[in-house]
Amino acid sequence: MSSIPTAPTPPAIRRAGAEDRHWVASLLGEAFMDDPVSSWVFPEEAQRHALHPLFFGVFLDAALGEGTVDVTEDGSAAALWLPVPAVAEADIPAAIAEDEEVAALMRKSSDPDNERTEIVGRQTARMHPRHRAHDYLMLIGVDPARQGRGLGSALMAPVLQRCDSEGTPAYLEASSVRSRALYEREGFVFTGETVDLPGGPPMWPMWREPRA
């Protein structure tokens, strides 16, 4: 008699707070050690290891202050979300300038002599859609030892379900072919124009319409 395999139990998820900042920043740093964009920003492995928590800490502070940070109870994964309001056409330059200030902070906080730390933020700011309010998945990171086990999808599920029930779109930038494929399975669609880093890898802006 053969046994029927059971589906894996979804991980327990909770909302992180300021007291979780240190370990979440470290987790994100480790999660993106082999990421193509991170490897372009910080070419040396030792440099990435040392500066990643500072670099990603800017995103983390934004999500803790104005959005949400969801983490698995076992500390193996984290997702940073930010609500983005719709912006009138005339106000788009000001919105881009505000995001570019964040890009400058990314450079100042991590590696002031490294222009690439700022270029990423500036390039993505200019490509970010502004026409409709949406939830922005700034970052999602999984412990390298736990990657490929569905934790990213499980962590996104509650927010995407809410987006569907409320009729809210979602947006992100995929930084690798592998992550793009993951997001496509979750309903995200490439917008058609990549973020092209000078001499570096592409990033894929992706938009998700709410599902009925």
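Numbers given to residues run from 1 along each chain, matching the order in which its sequence is written. Reporting of local features is limited, given that this is a predicted model, to residues whose pLDDT is at least 70; pairs of side-chain atoms are given and counted only at 80 or more, and all residues count toward the totals for whole chains, interfaces and linings. The side-chain values count all of the structure's non-hydrogen atoms but skip hydrogen atoms and water molecules.

### Points about the packing of aromatic side chains
Here comes step 1: Each Phe, Tyr or Trp ring, with Trp reduced to its six-membered ring, pairs with another whose centre is within 6.5 Å; inter-plane angles below 30 degrees give stacked pairs, above 60 give edge-to-face pairs, and intermediate values give tilted ones. Inspection of every chain in the model, using the stated rule, returns 8 aromatic pairs.
Here comes step 2: Between phenylalanine 42 and phenylalanine 55 the ring centres are 5.5 Å apart and the planes differ by 90°, which places this aromatic pair in the edge-to-face class. Taken together, the residues phenylalanine 42 in the loop between helix H2 (36-41) and helix H3 (45-66) and phenylalanine 55 in helix H3 connect sequence positions 13 residues apart.
Here comes step 3: Only protein chains enter the accessibility calculation, which uses a 1.4 Å probe; a residue is then buried when its area is under 20% of its type maximum, exposed when over 50%, and partly exposed in between. A residue is classified by how much of its surface remains accessible, and phenylalanine 42, at 0% relative accessible area, is buried.
Here comes step 4: Centroid distance tyrosine 171 to tryptophan 207: 6.3 Å. Interplanar angle 50°. Geometry classified as tilted. Taken together, the residues span a long stretch of sequence, with tyrosine 171 in strand E5 (residues 170-174) and tryptophan 207 in strand E8 (residues 202-208) at a distance of 36 residues. Side by side, tyrosine 171 and tryptophan 207 carry an identical accessibility label, which is buried.
Here comes step 5: Every member of this aromatic cluster is reached through a ring pair, and the members are Phe32, Phe42, Phe55, Phe56 and Phe59. Helix and strand assignments come from DSSP, with helices taken as H or I runs of at least 4 residues and strands as E runs of at least 2, each series counted from the N terminus.

### Thoughts on helix H4 (residues 92-110)
Side chains of residues three or four places apart in an α-helix project in the same direction, reflecting 3.6 residues per turn.
Here comes step 1: The span expected for a helix works out to 1.5 Å for each residue beyond the first. Here H4 spans 27 Å end to end across 19 residues, near enough to the 27 Å set by a 1.5 Å rise per residue.
Here comes step 2: For H4, the full list of buried residues reads Ile92, Ala95, Ile96, Glu100, Ala103, Met106 and Ser110. Seen along its axis, H4 keeps its buried residues to an arc of 140°; they face one direction. In H4, the exposed positions angled more than 90 degrees off the buried face are occupied by Ala94, Glu98, Glu101 and Lys108.
Here comes step 3: Here the buried face of H4 lies against H3 and helix H5 (116-127). The reported arc concerns the directions from the helix axis to the C-beta atoms and nothing else. We call two residues in contact when some of their heavy atoms are within 4.5 Å.

### Considering the environment of arginine 126
Here comes step 1: Take arginine 126: it is sitting in helix H5.
Here comes step 2: For the pair arginine 126 and proline 93, spaced 33 residues apart in sequence, the C-alpha separation works out to 9.0 Å.
Here comes step 3: Sequence-distant contacts of arginine 126, that is, excluding residues within four places in its chain, are made with Ile96 and Glu100.

### Observations regarding the pattern of salt bridges
Here comes step 1: Note on definitions: salt bridges are taken to be side-chain nitrogens of Lys or Arg within 4 Å of carboxyl oxygens of Asp or Glu. For the structure on display, the rule yields 15 salt bridges.
Here comes step 2: Arginine 132 is the salt-bridge partner of glutamate 209, the closest N and O atoms lying 2.6 Å from each other. Separated by 77 residues along the polypeptide, glutamate 209 in the segment after E8 and arginine 132 in the loop between H5 and strand E4 (134-142) bring together distant segments of the chain.
Here comes step 3: Given the relative accessible area of 31%, arginine 132 is considered partly exposed.
Here comes step 4: The shortest N-O distance in the salt bridge between arginine 162 and glutamate 166 comes to 3.2 Å.

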